[in-house]
Amino acid sequence: MKITRVSATPLNLPVSVSISGRTKNTALSICLVTIETDSGITGTGMTAITEEEVVASIVNDIASHALEGQDPMRHELLWEKLYWLLTPRGQSGYASHAIAALDLALWDIKGKALGQPCWRLLGGARSQVPVYATFGFAFFERDELAEAAKSWVGRGFTRLKMTVGHHGLQRRDEPRPLAEVITEDVQRIRAVREAVGPDVELYIDANCSLDYFHAQSLAQRVEQYGITFFEEPVSQNDIPNLVKLRAKTSIPLAAGQNEGLASRFRDMLVAQAVDVVQPNACITGGFTQCSRVAGMAAAFNTRFANGGAWPHHNMHLHAGLANGSLVEYHSVAVDCCKLVFDGLPEPTNGWLTLPETPGLGFEPNMERVKELAKRPGSRGVGKA
């Protein structure tokens, strides 16, 4: 079997979030990658939380020429080829996103060719994975946030995540003092905890938007609310600052969803900077590299979980590997995926059951994709 064509389609997808009679319209971008073969088998992958137009250009103008004519079953060979083509001196950025989307498409082909779902090829450790619902966004008012939390618990979710920090460092000159952001975050967390009670697991995520000083302040002020982990608390996933923060709070720390290099996870683990490592299959080099990161986490006896959304790809990784665990069911990202893909499994009582269909187990609806591709690109604002 040989690869005959590689193509990428950038998509800027519309999505609406409603709560308490109020609707927020936003958009989230993905880049859909398709790999065709001379056997008639086609694989698809995707990436997101980046500039979709740039990744599409990398795939269409550079990576496609390196992959056409190659055997798609040799994913280790092709991953190395892409690494040295796109990140020869250790830079990652957009390249890691492109490699991830291509790697996922190759695994989709492998599963279809062998008649097995990807999670079984990755190891088949379990047929279900627990999910946590990311529901608590900055555009919700405090009372709306509490109502949204109760709504998700009513749908059977016992693990919830909300955002904090809200681009604090990026927006510090509006003026919008970080101390005020933190004070409001404390009240928002309190409102959610009071709304859902003590038995629901609650996670918070700053999306790398805080400095050490304010991340420490927030962590210490919300310890009383039983936070299960604090994700991406400091800018750049700065390892020395993560180490300092971990020593100053009882809340476990998590990070890694946007990292492109395995060595970054090695450095976090060696420094004992985090309690949870979170590579994302759609960002951190696909299943091939995320499996390596999972191996490092196992060697350090550190929890390995999914951050950064895209549950229907990441569920294969966490079902396949013995130390797989939580998968993020990001409500906005899921709604975007429903626009693109058919056959996505739905969670039941906070669990996703893995498909037995070969490959990823779901397919893009190309008629809808063609229509969605007519929308203007995000031009840098496709991160919702």
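See the structure shown above.
Residues numbered from 1 in each chain as written. Predicted model: local features only at pLDDT ≥ 70, side-chain atom pairs only at ≥ 80, totals over all residues. Heavy atoms only, no water.

Asks: Got a sec to walk through the pairing of strand β4 (residues 128-136)? Specific residues and values, please.
Replies: Counting buried positions over the nine residues of β4 gives eight, a clear majority of the element. One ladder, built from three bridges, connects β4 with strand β13 (residues 351-353); its direction is antiparallel. Directly across from P130, in β13, lies its bridge partner W351. Across four bridges, β4 lies against strand β11 (residues 327-330) in parallel orientation. The residue of β11 that forms the bridge with A133 is Y329. (Buried < 20%, exposed > 50% of the residue type's maximum accessible area, 1.4 Å probe, protein only. Helix = DSSP H or I, 4+ residues; strand = E, 2+ residues; numbered from the N terminus. Pairing = 2+ DSSP bridges.)

Asks: Tell me about the environment of F362, and name the residues and values.
Replies: Structurally, F362 can be placed in the loop between β13 and β14 (363-364). Separated by 49 residues in the primary sequence, F362 and H313 place their C-alpha atoms 9.7 Å from one another. Those residues in contact with F362, other than ones at most four positions away along the chain, are H312, H313, M315, F341, D342, G343 and L344. (Contact = heavy atoms within 4.5 Å.)

Asks: How would you explain the sheet that holds strand β1 (residues 3-19) if you had to name every residue and give the values?
Replies: One open sheet accounts for three strands, arranged β1-β2-β3; its pairing is antiparallel. Only two strands of the sheet have a single neighbouring strand rather than two, namely β1 and β3 (42-48). The sheet shows a mean angle of 25 degrees between the axes of neighbouring strands, taken without regard to direction. (Axes fitted to C-alpha atoms, helices over the stretch in contact; angles between N-to-C directions.)

Asks: Got a sec to walk through the packing of helix α2 (residues 75-86) against helix α3 (residues 94-114)? Specific residues and values, please.
Replies: Viewed as axis vectors pointing N to C, α2 and α3 meet at an angle of 165 degrees, and their least axial separation amounts to 10 Å. With respect to α3, the axis of α2 lies roughly antiparallel. Crossing angle aside, the handedness with which α2 passes α3 is right-handed. Each of H75, L78, W79, L82, Y83 and L86 in α2 lies in contact with α3, whose residues at this interface are A95, A98, I99, L102, D103, L106, W107 and K110. For the contact of α2 with α3, a count of residues per class yields eleven nonpolar, one polar and two charged. (Parallel < 35°, antiparallel > 145°, perpendicular 65-115°, else oblique. Left-handed = near helix turned anticlockwise from the far one by under 90°. Nonpolar A, V, L, I, M, F, W, Y, C, P; charged D, E, K, R; others polar.)

Asks: Give me the environment of G226: which residues, what numbers.
Replies: Along the chain, the position of G226 falls in the loop between α7 (212-222) and β7 (227-231). Take G226: its relative accessible area is 42%, and that puts it in the partly exposed class. Not counting the four nearest positions on each side in its chain, G226 is found in contact with R193 and L202.

Asks: Before we move on, can you summarise the side chain of T163 with the specific residues and values?
Replies: Here T163 is to be found in strand β5 (residues 159-163). Judged by its relative accessible area of 12%, T163 falls in the buried class. Filtering out sequence-adjacent residues up to four positions away, T163 remains in contact with G136, F137, A138, D185, D205 and N207.

Asks: Which residues make up the state of the cysteines, and what are the values?
Replies: Overall, the coordinates contain zero disulfides when judged by the stated rule. With no disulfide partner, C118 has as its closest neighbouring cysteine sulfur the one in C282, 12 Å distant. On the accessibility criterion, C118 (0% relative accessible area) is buried. Here C282 stays unpaired: no disulfide links it, and the sulfur of C337, its closest cysteine neighbor, is 7.5 Å away. (Disulfide = S-S within 2.5 Å.)

Without other data, these values stay purely geometric and don't point to any function.
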